[in-house]
Amino acid sequence: MTFGFRTLPEGVILGELSEKVFDVLQEHTSFPWPVMQAQCKRVGIDPTSLSKEELATMVVYFADAVGRFTSPERRQSVLAELSTLL
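Just so you know, these numbers come straight off a predicted model, no measurement behind them.

Conventions adopted
- Residue positions within a chain follow its written sequence, with the count starting from 1.
- Reporting in this predicted model follows two pLDDT cut-offs: at least 70 for local features of residues, and 80 or more for side-chain atom pairs to be given and counted; totals over whole chains, interfaces and linings ignore these cut-offs and use all residues.
- With hydrogens and water stripped out, all remaining heavy atoms of the structure feed into the side-chain values.
- Geometry is summarised by axes, namely lines fitted to C-alpha atoms with helices restricted to the contacting stretch, and by angles between N-to-C directions that run from 0 to 180 degrees.
- Counting from the N terminus, the helices are the DSSP runs of H or I reaching at least four residues and the strands are the DSSP runs of E reaching at least two.
- Between 65 and 115 degrees an angle is taken as roughly perpendicular, under 35 as roughly parallel, over 145 as roughly antiparallel, and anywhere else as oblique.
- Handedness of a crossing is defined here by the sense of rotation of the near helix relative to the far one, left-handed for an anticlockwise turn of less than a right angle and right-handed for a clockwise turn.
- Pairs of residues are marked as contacts when any of their non-hydrogen atoms sit within 4.5 Å.
- Think of it as three bins: nonpolar holds Ala, Val, Leu, Ile, Met, Phe, Trp, Tyr, Cys and Pro, charged holds Asp, Glu, Lys and Arg, and polar takes everything else, Gly as well.
- Only buried residues count toward a nonpolar core, which is a set of Ala, Val, Leu, Ile, Met, Phe, Trp, Tyr and Cys residues joined through side-chain atoms within 4.5 Å.
- With a 1.4 Å probe rolled over the protein chains alone, any residue whose accessible area is under 20% of its type maximum counts as buried; one over 50% counts as exposed, and the rest are partly exposed.
- Here the expected span of a helix is defined as 1.5 Å times the quantity of residues minus one.
- One axis fitted to the seven residues ending at a residue, another fitted to the seven starting there: the angle between these axes is the bend at that residue.
- Throughout, the arc means the angular range of directions from the helix axis out to the C-beta atoms.

Visitor: Would you take a moment to explain the packing of helix 2 (residues 32-43) against helix 3 (residues 52-69) for this structure?
Guide: In helix packing, the relevant descriptors are the interaxial angle and the interaxial distance, both defined with respect to the helix axes. Two elements in contact, helix 2 and helix 3, have axes separated by 10 Å at closest approach and are oriented at 135°. Taken as axis vectors, helix 2 and helix 3 run oblique relative to one another. Between helix 2 and helix 3 lies a crossing of right-handed hand. In this structure, helix 2 contributes Val35, Met36, Gln39, Cys40, Arg42 and Val43 to the contact, and helix 3 contributes Met58, Tyr61, Phe62, Ala65 and Arg68. The residue makeup of the contact of helix 2 with helix 3, split by class, is eight nonpolar, one polar and two charged.

Shown next as structure tokens:
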């Protein structure tokens, strides 16, 4: 693990689906873990162990959060890429 906002904090272990979500977010934002953590907290979901049902709820939240800090095009990319994980 290297230091930086694009990495997970020490001790955080992601489940298989959460890791895939993190990888998508990491491609589109400088703050993938804070985005996952903040958006999941809004609806009481554990970001480290997302299920497909939970991800279905979170796709728009994640995409909107990335789009808010980047661009509408990145929002659409996140939406499309995360939707393929369902």
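Visitor: How should I be thinking about the nonpolar core in this particular structure?
Guide: Grouped together as the largest cluster of nonpolar side chains are 24 residues, with contacts concentrated most on Val21, Leu25, Met36, Leu50, Leu55, Phe62 and Leu82. Breaking this core down by element, the ones donating at least two residues are helix 1 (16-28), helix 2, helix 3 and helix 4 (72-83). When residues in this core are grouped by element, the largest group, seven residues, is from helix 3. The contact partners of Leu25, leaving out residues within four places of it in the chain, are Pro32, Val35, Met36, Phe62, Val66 and Val78.

Visitor: What is the right way to read helix 3 from this model?
Guide: One full turn of an α-helix is made of 3.6 residues, so residues set three or four places apart face in the same direction. Between its first and last C-alpha atoms helix 3 spans 25 Å; for 18 residues at 1.5 Å apiece the expected length is 26 Å, and the two agree. Of all the bends in helix 3, the greatest, near 45°, is centred on Met58. All of the buried residues along helix 3 are Leu55, Met58, Val59, Phe62, Ala63, Ala65, Val66 and Gly67.

Visitor: Just checking my understanding: could you explain helix 2 for this structure?
Guide: Here helix 2 spans 18 Å end to end across twelve residues, near enough to the 16 Å set by a 1.5 Å rise per residue. Every buried residue of helix 2 is listed here: Pro32, Trp33, Val35, Met36, Gln39 and Cys40. The arc enclosing the buried residues of helix 2, seen along the axis, measures out at 160°, which places them on a common side. Residues Lys41 and Arg42 are exposed on helix 2 and point more than 90 degrees away from its buried face. Of the surrounding elements, those touching the buried residues of helix 2 are helix 1 and helix 3. Looking one or two places after helix 2, you find Gly44, whose phi comes out positive at around 75°.

Everything listed here is a matter of geometry and, on its own, says nothing about what the molecule does.
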